[in-house]
Every structure is written in C-alpha cells, then in structure tokens.
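Breakdown of the fold
The residues making up each chain are set out below.
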Amino acid sequence: MKEFLEGSRAVAEIVRLCKPGVISAYPITPQTHIVEELAQMVADGELNSQFVNVESEHSAASVVLGAVATGVRAFTATSSQGLLYMAEVLFNISGMRLPLVMTCANRAISAPINIWNDQQDSVSLRDSGWIQLYAENNQEVIDFHLLGYRLSEDKSIMLPVMVCMDGFILTHGMEAVDMPQQDQVDKFLPPYKPLYKLDTAEPLTMGPLADPDCYLEARFAIQETFKDVLKKIPEICAEFKSQFGRDYKDGLVEEYYIKDAEKVIVAMGSVCGTIKEAVDAQRAKGKKVGLLKIISYRPFPYSRVYDMLKDVPKVAVLDKAVSLGAYAPLAVEIKAAFFGKKKTPKIISSFVAGLGGRDITLESIRDIFAKLNQKEVNLEFIDLKPELLKEAYGE
Amino acid sequence: MENNPLFKPGHTACAGCGQSLGARLVIEAAGSNTVVVNNTGCLEVFSTKYPETAWNVPWIHSLFENAAAVASGVEAALIYLGKKDTTNVIAQAGDGGTADIGLQALSGMLERGHDILYVCYDNEAYMNTGVQRSGLTPFHTNTTTSPTGSKSQGNIRPKKPMPEIANAHGIPYVATASVGFPQDLQRKVKKAISIKGPKYIQIHVPCPLGWRHETNLTYQIAKLAVETGLYPLIEYENGQLTAVRKVTQPKPVEEYLKPQGRFKHILANPEEIRKIQEIADNNIKKYNLKAET
C-alpha cells in the first residue's frame, strides 16, 4: 500500500510488521524517531513487544543479544557515537552467531561533534562480522529490513544485519513508499525458530572460552559464511521479487547505465539518488556515464564489482567516510576487486565528499565526472573550503 | 543433586577457590529452572573452556561489563515467551565486573526493575588478570596495582559500599553472604529468588592465589572476615535493613589478616592494624552486629 511517510516512521512500520519480541534502544539523533514510533506502537498495543529503555547503547546491544540468545526476534537502532559505544557488543553478537537486524542512521563521528550525515560510523565497523546493507531511499530502507531479518535468520547464515540509512536525508525525509501488508510479511518472514537458545529444558553453554585450539576456526567459519551470504542475498531477493514485485536483482550492487559507460561513479547510500539525476542529465546530452551502487558493503561483492567495471575505462569512487591515514574505505575495496586481474579500468580515482553533512550537489557530481578526464587522483576531497583551511593551518 | 549437579566438578579453578564454591552454592540453591548470565572473569574462564562446560543450566557469557544488561534481555525475552514465572534469571560477575566496569549496566538493570538476581562474587581484586585492585579491594591490601613500598601501605581506600549503592535503588532485596556460611548463603539465594524484582547479593569468596593464603583455609578465612566485623552479613528489604548476622564475640582483625600474604606488610605495624580494626568496629556499630550477652 502506497503511503507518504517519514523515513523513521517507515522503519518503525516495517519493524512492527516483522514482529520483534524485544526492542531496546537508547536515544541518539538522528535515530530517535524510529524508536519513539516503536515505543508508541507498543504503548498503543499495536505491537506485542517488550520495550526495554536502557541506560546506554552498550546495554541496548546487550539486551538484544540476551533476547535473541533466549530465542526471541529482537530489534535495535542507533547512530554515530552510539554505534561506536556498541562496538564491543556488536562483535559478540556476530561472534555468537546471533541473528539480528539493527538500523544505523548514519551520522558523522566526533570530534568535532556533528549530528549530520556521513557514513563514518558504520564503515568504521566494517570488520565486526555484521552484514552491512546501504539503502538509497526509503523504499529500500523498508525492504532491506525485511530482507535483513530473512537473511539473518537463515539457518545457513546466522549473522546480524545492519541496515544503513543516511541520517536526516532518509530518516527525516518524507517519501511515498509501498509498505508491505502483514500477511505478505508473515509469508516471507515466518516466526523466528532459533537453532539454539537459552532454555532450561535443554541447557547449553553459550559464549564459552575458546583457547588457541579453536578460536581460529570460529573466525574462519564466519569468513566462510560471508561467502554464502553473497549467494544467499540474490536468492532471497529473487523470492522477494516474486512476492513483493520489487526487483533488487542480485541485491549486492545496482547498475545504472553501465553497459556502454565510459565513466562510472561508484557510491553507497542516498547520494546514489543524486548521482542518478546527474547521470540522467549527462545521458540526455549523449555522454556515456553511469553509476554502480554498492548495496552490500559487507560482504563485499568483489566479483560482481569486477564484472560490472572491468570494461569501463574511467571509474570514480565516492566515499562519504575516510580511513584516516590510509586510502578511502570504498575506494580500497574497488581497487582490490581488480588486484591481480588483467582487465581493469584505466583510471580508478578516489574522492571523498559530504563529510559531516556537507551537501553533495549535482555540481559536485558533475565536477567528479569532469575530473575523470584528467589523470588518476587518489583521495581528493571534494568541495573543500580553502578559506577554512587557511584558518586551520594559519596560512 | 549428586547425580546431576548444576555446576559440575572437573572445571579448572585453582585449589581452594572461593568463587567456585560460591557459584556451586548459588546455582544449587536456585535450582535447575535458572538461566545464568555470566560476565568475563575467573568463573567464566575456569568453567567453560570449549568444548567442556561445568554448567548444567542454560548459561551465557558475553562481555566483562554487561551481564546485567544481557540478563535484562533474557528476562524480557522470557516475559515475551510467557516463561518468566517459571524461570529464574541470575546475572553474576566478580567484584570488578560489578563495582567498576559493570556498575552502569547493573544500575540500569536495578532501576528498570527487572526480575533478576544479580550475584557479585567478591574476591576483592581482579584475580583473572593477576591480582589488580578493584573498587571492592579493602584498605591496605597489597595488590599488583596497589603495591606496598616505602611510600605505600597498599590500597589507599576502603571498599566501595556496593550493597548500599544497590540498596539506594530501592529494590526489594539486597544481601551480603559468605562462603564461610554456606547455609546462610543458600537461604538468601532462595529468599531472593522467591521475591519478584531486582535482587542483589554480594558474596565474600576468598581467593588463595590473590590473598596468598593456604588453599585449605578458604572456609576459615571467609568465616573470620565475618567474625571480625570486616564483612558484615546483612539483609535489606525494600530499602530497610531487616536482618544482620550477629557476631557474639568479635575477633580482633589480626586473626583475619595474619594468614593472608596480602596484609603481611602491616602485621608488624600495630598502628596500621588499628586502622583496619577501626573499619571492623565501625561496621559492628553501624549494623549493630554485636549480640546482646
């Protein structure tokens, strides 16, 4: 059913339809609307769920860990500093192979403190063992939560999923979205049946001490499972299409005018909407440009990226995060996709933009396409203000 | 119980470990309808080395500081499943995991009113990492991070008043117990389990390795801590002090200090012993521990 909803409301609606038995969260902007909506749904009796108001994000993650370990579907959401505060627990959730879906309302990390959008928070947790899906718009936000639970609880996967949505741009943006019906959701996402749980009828020990004799294998098992995730996401997306009509193809990447493209920008999240508009404008002028949207950042779909870009002469990677002291995070992955390969783009340039909520405009995107006519650049910051740099360096 | 113990022998605790004794007493008193959430620490390490486990109840470990929060999630899930009325939830941790790094999560759990028994096994230092001081380390204790030296008599502060801190949350039940008084300990666990809401029990558990006493003295030393007034056994219900274990003739603290290497540096120093005696005397007065004769 088509509805005109705020992104946060859309998340709350789809989470309600997924019927988590335990919800726990701690307020942080721009995540707050999501859990406020859920709290109201529980208060109104629209959602039968235990809502645990915790004293910190660390405990929010711990509460949902405990709930899933007891065999109940759970949900939490956070952002920025809150996500970092959860970090220790997030590694535990994946390490204990507990299925869970969490929304990350992407926001910059302090210092300096900044509540606006970039993707530094979730990208910083890329090694935590969580599947990370980045949404371009609120329809994807809705669908990725549903896909996320289905994927996470698949008996062959049993890993948590982080649905990343750009803070404010998506969380506070109003869009027309197609909200699934309860019976459709029930069919696609059956009640959670755990493989193992804390149950007095069948006592088991979860989270034991693993010494050097077995720790390595536990990590290897997750690494191997991520390969399965790359196969499972397309399978689930195919089923999703047959049931809901929306086609995410392989669900790992989305190609936009790539086939004959001479220049392609690679990016994640809501900026892809802006890039598509820029691509449309340039295509109208006969310019062969395109976009490769990365949906699954973890696991990273290297072979899909290779297939998509191997014949493209010039590629620009646009990061909304940095890895201070190193090359930009997404750019590193794109370059890695061509490591040791014969076919490769002539140019893979890396740009960083939009940190701390700086607007990435159509002009910014045009600028990036234009820069691809020059020689390859690595880690060029777009839209820097020279006057502020002068101030910072006292030049 | 003999045929199917809830906390099985064969774990790798040190000889004379007070915590393993305490953990067994607690779980046997609570019974098999119990889920245990354990923080990181000695107990987790010596009882769950994969693929072995000492636990015959559902048991989970996540992190050092979040047993109270994970237990909150377990309890919420049990309520959702309609199983809470027949299932006990115990969160347990050492003194560091309780009074220091885990205090925030514990306070949150107590404040929110979860139906959980939180047990603190108080061996008065970080034993798993090599005897470093914690917030529950007593005054004048020699630990590796509060060492004695020409300018130091060991730990410079008295124990953090954890039972009072827990009690300040206005929860239905707070108690201290000791492995030196196993029946009292088990009575308190059973009582706590029978009460709905958050409960806190702090159990004195000697650690031969960290306290540097003979491994066969665990029980006696635990008793002496109570009999000197240094570890008062008390009960609060709904914020009020309702019971204390009377000490007929309080023993001088020296008797407690003497067998323990961690206090060796003050044994020849009556002035420093007097300061510890004062702590015991204050406890005796504060909790009215002395029995009428």
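Residues numbered from 1 in each chain as written. Chains lettered and ligands numbered in written order. Predicted model: local features only at pLDDT ≥ 70, side-chain atom pairs only at ≥ 80, totals over all residues. Heavy atoms only, no water.

As a further point, take the overall build of chain A. What chain A contains, in helices and strands, is 13 helices and 16 strands. Here chain A has a C-alpha radius of gyration of 21 Å; the compact-globule value for 395 residues is 21 Å, and the two agree. For chain A, the spread of C-alpha atoms along the principal axes amounts to about 65 × 50 × 45 Å. Surface exposure of chain A reaches about 16,000 Å², of which carbon and sulfur atoms provide 54%. Within chain A, one finds 44 positive and 53 negative side-chain charges whose respective centroids are separated by 8 Å. (Helix = DSSP H or I, 4+ residues; strand = E, 2+ residues; numbered from the N terminus. Rg over C-alpha atoms; globule rule 2.2 N^0.38 Å. Areas by Shrake-Rupley, 256 points an atom, 1.4 Å probe, with all protein chains shown as cover. Lys, Arg positive; Asp, Glu negative; His and termini not counted. Charge placed at Lys NZ, Arg CZ, Asp CG, Glu CD.)

Now for the environment of A:Val264. Residue and element names in this part refer to chain A. Mapping Val264 onto the fold places it in strand S11 (residues 263-267). Val264 sits 45 residues away from Leu309 along the chain, and the two C-alpha atoms are 8.1 Å apart. Setting aside residues up to four positions removed in sequence, Val264 forms contacts with Ile258, Gly290, Leu291, Leu292, Leu309, Val312, Lys314, Val315, Ala316, Phe369 and Leu372. (Contact = heavy atoms within 4.5 Å.)

In this section: the packing of aromatic side chains. Within the structure shown, the criterion is met by 15 aromatic pairs over all chains. Their ring planes at 10° and their centres at 6.0 Å tell us that B:Tyr118 and B:Tyr200 sit as a pair that is stacked. Separated by 82 residues along the polypeptide, B:Tyr118 in strand S4 (residues 117-122) and B:Tyr200 in strand S8 (residues 199-204) bring together distant segments of the chain. The class of B:Tyr200 is buried, set by a relative accessible area of 0%. Between the NZ or CZ atom of A:Lys341 and the centre of the ring of A:Tyr306, over which it lies, the distance is 5.2 Å. For B:Arg262, the ring lying beneath its charged end belongs to B:Trp211, and the centroid distance is 3.7 Å. (Phe/Tyr/Trp six-rings, centres within 6.5 Å; stacked < 30°, edge-to-face > 60°. Buried < 20%, exposed > 50% of the residue type's maximum accessible area, 1.4 Å probe, protein only. Lys NZ or Arg CZ within 6 Å of the ring centre and 35° of its normal.)

This part takes up the interface of chain B and chain A. With 39 residues of chain B at the contact, the number on the chain A side is 38 residues. When chain B packs against chain A, close to 3,000 Å² is buried across both sides, 63% of that on carbon and sulfur atoms. At the junction of chain B and chain A, the tally comes to 3 salt bridges. As a salt-bridge pair, A:Asp211 and B:Lys49 come within 3.0 Å of each other at their nearest N and O atoms. Taken together, the links from chain B to chain A amount to 14 residue pairs in polar contact (both at pLDDT 80 or more). Contributions of two or more residues to the side of chain B that touches chain A are made by strand S1 (34-38), helix H2 (42-47), strand S2 (59-61), helix H3 (67-81) and helix H5 (103-112) of chain B. (Buried area = accessible area lost by both parts, 1.4 Å probe. Salt bridge = Lys/Arg side-chain N within 4 Å of Asp/Glu carboxyl O. Polar contact = N/O pair within 3.5 Å; in protein donor to acceptor, adjacent residues only side chain to side chain.)

On to the packing of helix H1 (residues 7-18) of chain A against helix H2 (residues 32-43) of chain A, then. All names here are of chain A. Where H1 contacts H2, the axes come no closer than 8 Å and their chain directions differ by 45°. Relative to H2, the element H1 lies oblique. For H1 against H2, the interelement crossing comes out right-handed. Of H2, the residues touching H1 (which contributes Ser8, Arg9, Val11, Ala12, Glu13, Val15 and Arg16) are His33, Ile34, Glu37, Leu38 and Met41. Partitioning the contact of H1 with H2 into residue classes produces 6 nonpolar, 2 polar and 4 charged. (Axes fitted to C-alpha atoms, helices over the stretch in contact; angles between N-to-C directions. Parallel < 35°, antiparallel > 145°, perpendicular 65-115°, else oblique. Left-handed = near helix turned anticlockwise from the far one by under 90°. Nonpolar A, V, L, I, M, F, W, Y, C, P; charged D, E, K, R; others polar.)

Residues and elements named next belong to chain A. Cis peptide bonds are those with omega within 30 degrees of zero, and the linkage from Thr29 to Pro30 qualifies with 0°. Along the chain, Pro30 falls in the loop between strand S2 (22-25) and H2. Residue Arg298 is joined to Pro299 through a cis peptide bond whose omega torsion reads 0°. Of note, the phi angle at Ser80 is positive, near 45°, even though the residue is not glycine. Summarising the element assignment, Ser80 is placed in helix H4 (residues 80-95).

Side-chain pairs of opposite charge can arise where the charged atoms are in close proximity. Taken as a whole, this structure holds 44 salt bridges over all chains when the rule is applied. In this structure, the salt-bridge partner of A:Glu55 is B:Arg112, at a minimum N-O distance of 3.1 Å. Placement of A:Glu55 in the loop between strand S3 (50-53) and helix H3 (57-69) and of B:Arg112 in helix H5 is noted, with the two residues assigned to different chains. Connected via shared salt-bridge partners are B:Asp184, B:Arg187, B:Lys188, B:Lys191, B:Glu235 and B:Glu237.

Residues and elements named next belong to chain B. For the pair helix H1 (residues 18-30) and helix H7 (residues 182-194), the least separation of the axes is 9 Å and the interaxial angle reads 45°. Here H1 is positioned oblique relative to H7, judged by the angle of their axes. With respect to the hand of their crossing, H1 and H7 are arranged in right-handed fashion. Seen from H1, the contacting residues are Leu25, Val26, Glu28, Ala29 and Ala30; seen from H7, they are Pro182, Leu185, Gln186, Val189, Lys190 and Ile193. When grouped by side-chain class, the residues that make up the contact of H1 with H7 number 8 nonpolar, 1 polar and 2 charged.

In this structure, the largest pocket spans a volume of roughly 850 Å³. Taken together, 26 residues make up the lining of the largest pocket; nearest its centre are A:Gly95, A:Gly207, A:Pro208, A:Ala210 and A:Ala218. Those elements giving two or more residues to the lining of the largest pocket turn out to be H4, strand S9 (205-206) and helix H8 (215-244) of chain A together with H2 of chain B. It is H8(A) that contributes the most residues to the lining of the largest pocket, 5 residues altogether. Tallied by class, the residues present in the lining of the largest pocket amount to 14 nonpolar, 8 polar and 4 charged. Volume-wise, the second largest pocket comes out at about 720 Å³. Lining the second largest pocket are 25 residues, with A:Pro112, A:Asp118, A:Leu355, A:Gly356 and A:Phe381 positioned closest to its centre. (1 Å grid on protein atoms, 1.4 Å probe; cavity = no way out; pocket = protein on both sides within 12 Å on 5 of 7 lines; lining within 4 Å. Points joined across faces, edges and corners; volume = space filled by probe spheres on them.)

What follows covers the sheet that holds strand S7 (residues 173-178) of chain B. As summarised here, the arrangement of the 9 strands in space is S9(A)-S2(B)-S1(B)-S3(B)-S4(B)-S8(B)-S7(B)-S9(B)-S10(B), forming an open sheet in which the pairing is mixed. In this open sheet, the two strands that pair with only one neighbour each are S9 of chain A together with strand S10 (240-244) of chain B. Relative to S8(B), S7(B) runs parallel, the two being bridged by 6 bridges. Residue pairing across strands places B:Thr176 opposite B:Gln202, the latter belonging to S8(B). Its contacts with the sheet put H7(B) on strand S3 (88-94), S4, S7, S8 and strand S9 (234-237) of chain B, and the angle it makes with S7(B) is roughly 160°. (Pairing = 2+ DSSP bridges.)

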